[in-house]
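Given next are the chains, with one letter for each unit.
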Amino acid sequence: MHRQITQSFQTCNTLKITYLKLIFCVAFALLCTSKVTAQDSTATISHRFTRLAFEVRADFDVHHHYPYPDSLRATDYGFNGKYFNIAVGGEFGKHFSYFFRQRIVANKGSVTLFDNTDFLYLQYNINPQWGFRAGKEALAIGGFEYDAPPIDVFYYTQLWGTIHCFQLAASAIYTDKSGHNKLILQVGNSPYVYSTDRNMGSDWKKGLLAYSFMWCADYPHFKALYSVNLFERERGRFVNYISIGNRIVFNHFSWYIDYMNRAAVYSKYFSDFTVVSRMDIIFRDVNIFIKGGYDQNKSEDFGVENPKEIMVTPGMQYYFYGLGLEYRPAKYKNVRLHGYIANAQTILGPKGDKEVTNCLSASIGLTWDIDFLRILRKQFKLQL
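Notes on the structure in this doc start here.

Conventions used here
- Counting restarts for each chain, with residues numbered from 1 along the sequence as it is written.
- Local features in this predicted model are restricted to residues of pLDDT 70 or higher, and side-chain atom pairs are both shown and tallied only at a pLDDT of 80 or more, whereas totals for entire chains, interfaces and linings draw on every residue.
- Side-chain figures throughout are based on the complete set of non-hydrogen atoms in the structure, without hydrogens or water.
- Pairs were defined over the aromatic rings of Phe, Tyr and Trp, the Trp ring being its six-membered one, requiring ring centres within 6.5 Å. Orientation was assigned from the angle between planes: stacked under 30 degrees, edge-to-face over 60, tilted for the rest.
- Secondary structure elements follow DSSP: runs of H or I of four or more residues count as helices, runs of E of two or more count as strands, with numbering from the N terminus.
- The rule is simple: take the accessible area with a 1.4 Å probe, protein chains only, and divide by the maximum for that residue type; under 20% is buried, over 50% is exposed, in between is partly exposed.
- Whenever a carboxyl oxygen of Asp or Glu lies within 4 Å of a side-chain nitrogen of Lys or Arg, that contact is scored as a salt bridge.
- The criterion used for residue contact is that any of the two residues' heavy atoms lie within 4.5 Å.
- Polar contact is defined as a pair of N or O atoms within 3.5 Å, subject to the rule that within protein one atom must be able to donate a hydrogen and the other to accept it, and that residues adjacent in sequence are counted only when both atoms are side-chain atoms.
- Buried residues of nine kinds, namely Ala, Val, Leu, Ile, Met, Phe, Trp, Tyr and Cys, make up a nonpolar core once their side-chain atoms join them within 4.5 Å.

## Regarding the packing of aromatic side chains
Taken as a whole, this structure holds 27 aromatic pairs when the rule is applied. Centroid distance Phe54 to Phe84: 5.5 Å. Interplanar angle 55°. Geometry classified as tilted. Residue Phe54 is located in strand E1 (residues 47–66), and its partner Phe84 is located in strand E2 (residues 75–92); the two are separated by 30 residues in the primary sequence. You can call Phe54 buried: its relative accessible area is 10%. For the ring pair Tyr294 and Tyr319, a centre distance of 4.7 Å and an interplane angle of 40° mean the geometry is tilted. Linking Tyr294 in strand E13 (residues 286–297) with Tyr319 in strand E14 (residues 316–327), this pair joins segments that are 25 residues apart in sequence. Members of the aromatic cluster, each reached through a chain of ring pairs, are Phe154, Tyr155, Phe289, Tyr318, Phe320 and Tyr340.

## A short note on the pattern of salt bridges
By the definition in use, this model includes 21 salt bridges. Glu91 is the salt-bridge partner of Arg48, the closest N and O atoms lying 2.9 Å from each other. Linking Arg48 in strand E1 with Glu91 in strand E2, this pair joins segments that are 43 residues apart in sequence. The exposure class assigned to Arg48 is partly exposed, which follows from its relative accessible area of 39%. The exposure class of Glu91 is partly exposed, given its relative accessible area of 33%. Taking the shortest distance from any N to any O, the salt bridge between Asp59 and Lys82 comes out at 3.2 Å. Of this pair, Asp59 sits in strand E1 while Lys82 sits in strand E2, placing them 23 residues apart in sequence. Exposure remark for Lys82: the relative accessible area of 29% places this residue in the partly exposed category. A cluster of three or more residues bridged by salt bridges with shared partners is formed by Asp152, Arg278, Asp280, Glu326 and Arg336.

## Some remarks on the environment of Thr274
For Thr274, the position within the fold is in strand E12 (residues 272–283). Among residues more than four places away in sequence, those in contact with Thr274 are Thr157, Leu159, Asp258, Tyr259, Met260, Arg262, Tyr294, Asp295 and Val312. Within the structure, the side chain of Thr274 is placed 2.9 Å from the side chain of Arg262, a separation counted as a polar contact.

## Focus on the nonpolar core
Most often, soluble globular proteins have nonpolar side chains that are buried together. In this structure, Ile141, Ile163, Phe231 and Tyr241 are the most contacted members of the largest nonpolar core, which totals 19 residues. At the level of elements, strand E4 (117–125) and strand E10 (237–250) are the ones that each hand at least two residues to this core. Those residues in contact with Phe231 that sit more than four places away from it in its chain are Leu139, Ile141, Ser190, Pro191, Tyr192, Leu209, Ala210, Ser212, Arg237, Phe238, Val239 and Tyr241. Counting twelve residues, the second largest nonpolar core, distinct from the first, contains Tyr155, Val276, Tyr318 and Ala342.

Next up, the structure:
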C-alpha cells in the first residue's frame, strides 16, 4: 500500500511538472516574440499569433442500458473530464502559417507525446490560390459531423467514435479566386494503421497509405464537404469512401446532412454506410439542436474473422436520435453550458438471431476557452 501511494504521488508530481513546463514554454515563447517585435524593428521575418488558448470541457453523464441482465449494472453516471487541449496557431513571413493542437492527457501515448497531437502542421502559401501543407492533421474526409472539432460533438455516429482521423499527411490546396471553393489533394497514413488501440503509435510501420480528394464549398447560405478516398487496410487492398456533406445556413437556423458510403466488399457496395443530420435553431444566446443518425455494415456477417472493414462492426445496425441545447452568456462567449438527452439502439446479427440493446443517455456540461491571445492583446496591449 505504501508503495502504491508513493507511486501515485510521484505520478501526480510528474504530471504537475509536465503541465508547469508546458505553461512555462508558452509564456517564454510569448515573451521572446514580443521582445523581438519591440526591439528589432528591422527583422525581415515577422510573426503573428492567430490562436493561443486552452480548451476545456467537463460533463456529468448518465447512461442507462436496457434491456439489461439484473446481475449487471444497468446505469452508469458520474462527472467526466472530456477534453483539455492547448491550441496554438500563427503566421510568419509572407507565406508560412502553422497550427498545433495537443490533447493534455495523463497517458503520454505508447510511443511519444505525438500520439495525442491532433494538429501539428506547417503550411506554405505560394499565392492566394495555391498552398501546400505537411504534418499531422485531419484526413480529408467529407461531412460536417466529421469536420467539427471533437470538443463540440456531444453524441455521435459509430463511425465518428471509431475512425482514427488525425494522421501524418501532405496536402496540396487550391482555392478559386472567389474564395468560395477549395480543392484538396492529400496523401497520408491510412486510418487503418491502428488495429484496436488508439495509442499504438508504432503501427505507422505497416506502410498503409490514404489517398484523398476533397471539395469544400463556402457560400453565404450553402456549405459543402465532398470527398473521395482510398484507404489501405492491407498493403494493396483498399476501402473506398465516398462522403457527401451539405449544409444550409441562415441567421438563426442551420441544418446539415451527411452521407458516407464505405466499400471494402465491392459486390455489396451500398451495404456499409453512415447517414447523420443535425438542425440548429438559435434564440439569442441559446442554441437548440436536434440530431440523429444511422450506421450499418451489412457487407459481412457479425463475428466474421478478419473483417475487411472495421469502422462499423460487421453485422451491426446503429440508430440514434436526441435533443440538446447550448447556452453562451452574451458577455462571456468563451463559456458554454450544454445539455442533451439521446437514445441509441444497437442491433447485431442476422434477422433470425438479432441481439438488440438500447442506451438512454443524458448529459450536462461546461466548456470554456481560455483565449490567452485575446487577454494579452486587450490587457497588455501586446502586438502578437
